[in-house]
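Architecture at a glance
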Amino acid sequence: MTELKGLPVSPGIAAGTVYFVATADNAGTPRKTEDTEAEIRRLTGALDRAAEELTGLYDKALNTADDSVADIFMIHGMMLQDDDFRNRMTALITKDGFSAEAAVSRAAAEFEEDLSKSGSDYIAQRGADISDLEHMVIRILTGRSAVQLPDADEKIILAADEITPSLTLMFERSQLLGLVSGKGSTTSHAAILARSLGIPAVIASGTVLDNTVSGVQCIVDGVHGNVIFSPDVQQFEDADRCRKKYELEQQELLSLRTAPAETESGQKVTLCCNAGSLDDIDRALECGAEGIGLFRSEFLYLGRSELPTEEELTDVYTKAVRKLNGRRLVVRTLDIGADKKTDCIPMKPEPNPALGIRALRLCFAEPDLFAVQLRAILRAAANGPVSVMFPMICSVSEIRRAKACLTSAADDLEKRKIPHADRLETGIMVETPAAAVISDILAEEADFFSIGSNDLTQYTLAVDRQNEDASAYCDPHHESVMRLIELTVKNAHEHGIWCGICGELGADTSVTKRFLLSGIDELSVSPQALLLLKKKIRELP
Amino acid sequence: MKEFRYIIKAADGIHARPAGVLVNAAMKYKCDITMKANDREASVKKLFALMKLGIKQNDVITVVFNGEDEEDAYKEITKNIGENY
C-alpha cells in the first residue's frame, strides 16, 4: 500500500486499475546531425503532422467537452505556429547542428524557462502546454505509436508523469474513472479538461510516477487530494462510502436548484446572487437564483481611460434584464472611491479613502456621471423589473437628493422621448451605522433596504477591512453588527418595506438562523454559495 | 501613431486563451501593434512574446499602434482588451 497526498484538481472519488502511460522523450535519438537540410525537412514534416493532430483534437474536444477545452488546442496550434518558437528550433539545427528531436527539446526548455521568468504564476504554469507540444512532436519524429490504448471496454485510472489534455482525449470518456498526474496545477489545462469532463483528478506533486504502478489497484480522491495504490479492503470500503456520500451530496445540492428556500416551518427567504459582470448572471441562473440582489456597476468603469456612455450602460443593463427574464435586477449606482481608482474619473488622493468622497458622495460631486447612470438604469427598466440602490447613505437628505436626481433623469428622458420606466423601485444600501440607527426614518423614503455587511462591519468596528494586521478586529459576527442588522430589518418591516443582505455575511451559514429569526426577506450571495445556503435554510426548523 | 493605456482587471491577467484571441485579432492588421508593460515590450502579433510579458491583474499596459490601418486596429484591439481583460 502506498498513499500519496496530492492536490485535488477535479472533484469526485474513483477506484480502479491503473493504466500508466510513459511520456515520450528523445532518449536514444542522436543529438547532433551533419545533414541539417534533412533535419529541417523532418522537423517541418513533424510540425505539420502535429498541427493536423491538434486540429483533430480540437474537433474532438468540441464534441466531447466544451469550447473552453477546445480553445486549449487552438492555443497549442498557435504556439506551434509562433515565429519565434519555429525560428529558434530551425536555428538550433542549422547553426548548432542539433538533430530535430534535440532542437525541439532544447527550444521547448528555453521557452518554458522564459515563461517561468515572466513574473506571473499563471503564465509560468503554461510551460506545461509547451511540454505537451514537445512530447507530441518528438513522438511523431521518433515514429513511436501515439499511446498503446487499452481495450475499449476496459475502465482505467490514467496515470502519467504529466497528464496533458491531448493524452486525456486519446481515451474514450467512458473509459476514464480517474486521473493521477505527477506534475501540474489547478489551472493546468489538463485539470480544466478533467473538471469539464467530470473526471476525479489528483496531482501528486513531487512524485515520480513510473511503470511500477501499472496494473495496480488505486483509489483517486479528488475531493481531499488522496491517492492510494494497492489499498486494503478497509480503504476500499472507506473510499466507496466517501464516493457515495459525495455523489449524494452533489445530487442533493443540484436537486435543490428549483426547490423553494423555505424552512421546515414554512418561513420563506428570497435567494438571489450578487453579480459583477454579465457572465456572473449566467452562473446565478445556473444555480437557481431568484434574481440579482446586487449588480455592481464598477466593472463598467474600472480600467478605462474614457467614461462609458449612456448607450453603453443601457446596453449592458438591458442585456442583464433580458437574461433574467422577469427576475428582479437590483443595480447599485457606482461605488467607487480613492481606494478603487479608474483613469476615467479623476480623483484626488485621500488620506482615508474609506471615509472620503466615494460612492454616492462622488456621484453628487459629479452630477453628469450620476445622471448618465440613472438614465441608463431607467431605460433598461423599460424591458423588465429593475430596482436602483444607492450606496453609502447616512442621512435622509442624501436619499432625498438621490431620488431628486432620479426624477430629473426621468424628466430628461421624457423630454427626449426615449422609452424608460415611469417608476423605479428605489432602495438604500444600509452599510453605515448611521443608516442602520436611523433606518426607521430612512424607511419612509425607500422601497427596500439591502444591508452591505462588509462595510457595515468596517464602519461599526472602526477597522479597515483591507488592513491584514487589523483583521483580528474585523469580526462580522460582533454583537454590534448583528444588532444593527436586526434593527434595520425591524424598522423596514414596521414601515412595510422589504430588507435583504447582500454582503458576505449573507452566505455565512453559521448566522443564517439568526437572520431568519430577525425576519430577513432576501439573501443575495455568490453563485458558489447559493445552493449550500439553500440547503441550510431548508434544514432549519 | 495611436496609443491606448489600460489597467488589467482580469484575475488571471493576460492568460493563454484570451491572449490567443488577441493575437489572432492583431494578425489581421498591417500596422505594428506593440504592448508595453513592466518595462518590457512585445508585439501583440506574437503569442509567446505576449505571454512572456507576464501581465497580471492591476498591471498598467500601453498598446501602441503604428501604420496605415492603425485606426481600425485601435478600434478592434481596444474593444477586445476591454471585453476580455
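Thresholds, definitions, all that
- Residues numbered from 1 in each chain as written.
- Chains lettered and ligands numbered in written order.
- Predicted model: local features only at pLDDT ≥ 70, side-chain atom pairs only at ≥ 80, totals over all residues.
- Heavy atoms only, no water.
- Helix = DSSP H or I, 4+ residues; strand = E, 2+ residues; numbered from the N terminus.
- Buried < 20%, exposed > 50% of the residue type's maximum accessible area, 1.4 Å probe, protein only.
- Contact = heavy atoms within 4.5 Å.
- Areas by Shrake-Rupley, 256 points an atom, 1.4 Å probe, with all protein chains shown as cover.
- Salt bridge = Lys/Arg side-chain N within 4 Å of Asp/Glu carboxyl O.
- Axes fitted to C-alpha atoms, helices over the stretch in contact; angles between N-to-C directions.
- Left-handed = near helix turned anticlockwise from the far one by under 90°.
- Nonpolar A, V, L, I, M, F, W, Y, C, P; charged D, E, K, R; others polar.
- Buried area = accessible area lost by both parts, 1.4 Å probe.
- Polar contact = N/O pair within 3.5 Å; in protein donor to acceptor, adjacent residues only side chain to side chain.
- pLDDT = per-residue confidence, 0-100.

**What to know about the overall build of chain A**
Helix and strand content of chain A: 20 helices and 16 strands. Residues classed as buried in chain A amount to 53% of the 541 residues present. In chain A, the share of contacts with a sequence separation of at least 24, taken over all contacts with a separation of at least 6, comes to 67%. Counting only carbon and sulfur atoms, one obtains 50% of the accessible surface of chain A, whose full area is about 23800 Å².

**Some points on the pattern of salt bridges**
Overall, the coordinates contain 41 salt bridges over all chains when judged by the stated rule. Across the pair K52 of chain B and D114 of chain A runs a salt bridge whose closest N-O atoms are separated by 3.1 Å. Of the two residues, K52 of chain B sits in helix α2 (residues 47-52) while D114 of chain A sits in helix α4 (residues 100-116), which places them in two different chains. Residue K52 of chain B is classed as partly exposed on the basis of its relative accessible area, which comes to 21%. In this structure D114 of chain A comes out as partly exposed when scored by relative accessible area, which is 28%. Across the pair E479 of chain A and R483 of chain A runs a salt bridge whose closest N-O atoms are separated by 3.2 Å. Of this pair, E479 of chain A and R483 of chain A both sit in helix α18 (residues 479-494), four residues apart, which is roughly one turn of the helix. Assessed through its relative accessible area of 35%, E479 of chain A is described here as partly exposed. Given the relative accessible area of 55%, R483 of chain A is considered exposed. Through salt bridges with shared partners, a single network forms among E310, E311, R375, R379, D412 and R416 of chain A.

**Comments concerning the packing of helix α11 (residues 310-324) of chain A against helix α13 (residues 367-380) of chain A**
Residues and elements named next belong to chain A. The geometry of α11 relative to α13 is characterised by a closest axis approach of 8 Å and an angle of 35 degrees between their N-to-C directions. Taken as a pair, α11 and α13 cross one another with a handedness that is right-handed. Two secondary-structure elements touch here, α11 through E310, E311, L313, T314, Y317, T318 and V321 and α13 through V372, Q373, R375, A376, I377, R379 and A380. In the contact of α11 with α13, the residues fall into seven nonpolar, three polar and four charged.

**Regarding the packing of α13 of chain A against helix α14 (residues 396-415) of chain A**
Residues and elements named next belong to chain A. Contact pair α13 / α14: the axes reach a minimum separation of 9 Å and the direction vectors enclose 65 degrees. In this structure, α13 meets α14 at a crossing whose hand is right-handed. Listed contacts from α14 to F370, A371, L374, R375, L378 and R379 of α13 are A402, C405, L406, A409, A410, D412 and L413.

**Comments concerning the environment of R195 of chain A**
As for its position among the elements, R195 of chain A is in helix α8 (residues 189-197). Distance in space between the C-alpha atoms of R195 of chain A and V9 of chain A is 7.7 Å, their sequence separation being 186 residues.

**A short note on the environment of R41 of chain A**
All names here are of chain A. For R41, the position within the fold is in helix α1 (residues 36-64). Judged by its relative accessible area of 57%, R41 is exposed. For the pair R41 and A100, spaced 59 residues apart in the sequence, the C-alpha separation amounts to 9.0 Å.

**Notes on the interface of chain B and chain A**
Facing 22 residues of chain B, the contacting portion of chain A comprises 28 residues. Summing the contributions of chain B and of chain A, the shared interface buries around 2300 Å²; its carbon and sulfur component is 64%. On the chain B side of the interface with chain A, the three residues burying the most area are R17, F48 and K52 of chain B, jointly 34% of the side's total. Remark: the boundary between chain B and chain A carries two salt bridges. For D84 of chain A, the salt bridge is made with K46 of chain B, and the minimal N-O distance between the two is 3.0 Å. For the interface between chain B and chain A, the tally reads five residue pairs in polar contact (both at pLDDT 80 or more). Those elements giving two or more residues to the side of chain B that touches chain A turn out to be β1 (2-7), α1 (16-27) and α2 of chain B. In terms of residue class, the side of chain B that touches chain A is built from 10 nonpolar, four polar and eight charged.

**Considerations on the confidence of the model for chain B**
Interpretation of the predicted coordinates at a detailed level should be avoided for regions scoring low in pLDDT. When pLDDT is averaged along chain B, the result is 87, and 100% of the positions lie at 70 or above. Interface confidence for the predicted complex, expressed as ipTM, amounts to 0.83; the pTM equals 0.60.

**A word on unusual backbone geometry**
Residue and element names in this part refer to chain A. Its identity is not glycine, yet A359 carries a phi of approximately 50 degrees, on the positive side. By secondary structure assignment, the location of A359 is in the loop between β11 (328-332) and α12 (360-365). Its relative accessible area of 0% is what places A359 among the buried residues.

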